[in-house]
Amino acid sequence: DAKTTQPPSMDCAEGRAANLPCNHSTISGNEYVYWYRQIHSQGPQYIIHGLKNNETNEMASLIITEDRKSSTLILPHATLRDTAVYYCIVSPSSGTYKYIFGTGTRLKVLA
Amino acid sequence: DTAVSQTPKYLVTQMGNDKSIKCEQNLGHDTMYWYKQDSKKFLKIMFSYNNKELIINETVPNRFSPKSPDKAHLNLHINSLELGDSAVYFCASSLSGGNHEQYFGPGTRLTVT
């Protein structure tokens with residue numbers, strides 16, 4: 001079973017920020033939070049990851065709560081090409097680095 | 001340059017046949033994976049190799065046999081194909097260690113008739 005829970009779907013207006021939440025209440029101290037997205041039937045694409053600090057890259061920002069039990073992926077200015085299924089995954093920092101994908105959030109960016 | 005490539009992209013075959021899917025990565029990674037995405041879009045890890053050694057082997061029928069001839073290649077051979085094997089198979093690679101993202105290939109859509 002996935003160790004994360006996400007809303008099944010969300011809509012966002014083009015040009016606005018998309019905030020995608022993820023709950024990972026059973027996360028361990030050595031587990032990272034990763035975000036991937038899958039556009040249509042392409043291979044999943046890495047977006048961002050973090051351990052406990054907030055992170056930002058050219059694609060998105062990741063906000064992790066202080067207790068690390070939840071996080072939010074922020075796409076600052078969503079475009080139509082951001083329409084995809086977004087997956088939040090927790091992965092250990094050592095061992096087999098096994099990803100367990102949940103059902104993700106289907107984000108639809110509306111024109 | 002394609003980072004993680006898979007061949008073939010589409011594979012249509014009959015029940016009972018044996019088929020192989022190939023994966024190659026040119027990223028210099030030492031860990032490679034096979035995932036299966038079924039018709040309900042659930043994405044599940046099947047196998048992982050680190051430096052040509054099998055490190056993850058999920059509950060997969062032994063008709064599925066991965067082979068890693070070197071760190072840049074991970075192939076998946078499937079014997080006696082069944083209807084339920086129809087799915088999209090994704091290969092991925094990464095550096096070892098938990099602080100490294102995985103790069104996925106474009107997928108191979110397998111249809112068993």
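Preceding this section is the structure that the text describes.
Read on for a plain summary of the structure. Quantities reported herein were computed from a predicted structural model and do not represent experimental measurements.

## Quick notes on the sheet that holds strand β3 (residues 31-38) of chain A
Either a parallel or an antiparallel arrangement is found when strands of a sheet pair, and the pairing is made through backbone hydrogen bonds.
Residues and elements named next belong to chain A.
So, step 1. Strands sit in the order β1-β9-β8-β3-β4 across an open sheet of five strands; the sheet is mixed. With partners counted over all chains shown, the strands left at the sheet margins are β1 (9-13) and β4 (45-50), one partner each. Taken pair by pair, the neighbouring strands of this sheet meet at an average axis angle of 25°, ignoring direction.
So, step 2. Sheet topology note: the β3/strand β8 (residues 84-92) ladder contains eight bridges and is antiparallel. Residue pairing in the sheet places Gln-38 in a bridge with Val-85 of β8.

## Digging into the interface of chain A and chain B
So, step 1. Contacts between chain A and chain B engage 20 residues on the former and 22 residues on the latter.
So, step 2. In total, about 1,800 Å² of surface goes out of reach between chain A and chain B, with carbon and sulfur atoms giving 54% of it.
So, step 3. Counting across the chain A and chain B interface gives zero salt bridges.
So, step 4. For the interface between chain A and chain B, the tally reads three residue pairs in polar contact (both at pLDDT 80 or more).
So, step 5. Considering only residue class, the side of chain A that touches chain B consists of 10 nonpolar, nine polar and one charged.

## Here's the deal with the layout of surface pockets
So, step 1. There is about 300 Å³ of room inside the largest pocket.
So, step 2. What lines the largest pocket is a set of 16 residues, among which His40(A), Val85(A), Tyr87(A), Arg106(A) and Lys41(B) lie closest to the centre.

Analysis parameters
- Residues numbered from 1 in each chain as written.
- Chains lettered and ligands numbered in written order.
- Predicted model: local features only at pLDDT ≥ 70, side-chain atom pairs only at ≥ 80, totals over all residues.
- Heavy atoms only, no water.
- Pairing = 2+ DSSP bridges.
- Helix = DSSP H or I, 4+ residues; strand = E, 2+ residues; numbered from the N terminus.
- Axes fitted to C-alpha atoms, helices over the stretch in contact; angles between N-to-C directions.
- Contact = heavy atoms within 4.5 Å.
- Buried area = accessible area lost by both parts, 1.4 Å probe.
- Salt bridge = Lys/Arg side-chain N within 4 Å of Asp/Glu carboxyl O.
- Polar contact = N/O pair within 3.5 Å; in protein donor to acceptor, adjacent residues only side chain to side chain.
- Nonpolar A, V, L, I, M, F, W, Y, C, P; charged D, E, K, R; others polar.
- 1 Å grid on protein atoms, 1.4 Å probe; cavity = no way out; pocket = protein on both sides within 12 Å on 5 of 7 lines; lining within 4 Å.
- Points joined across faces, edges and corners; volume = space filled by probe spheres on them.

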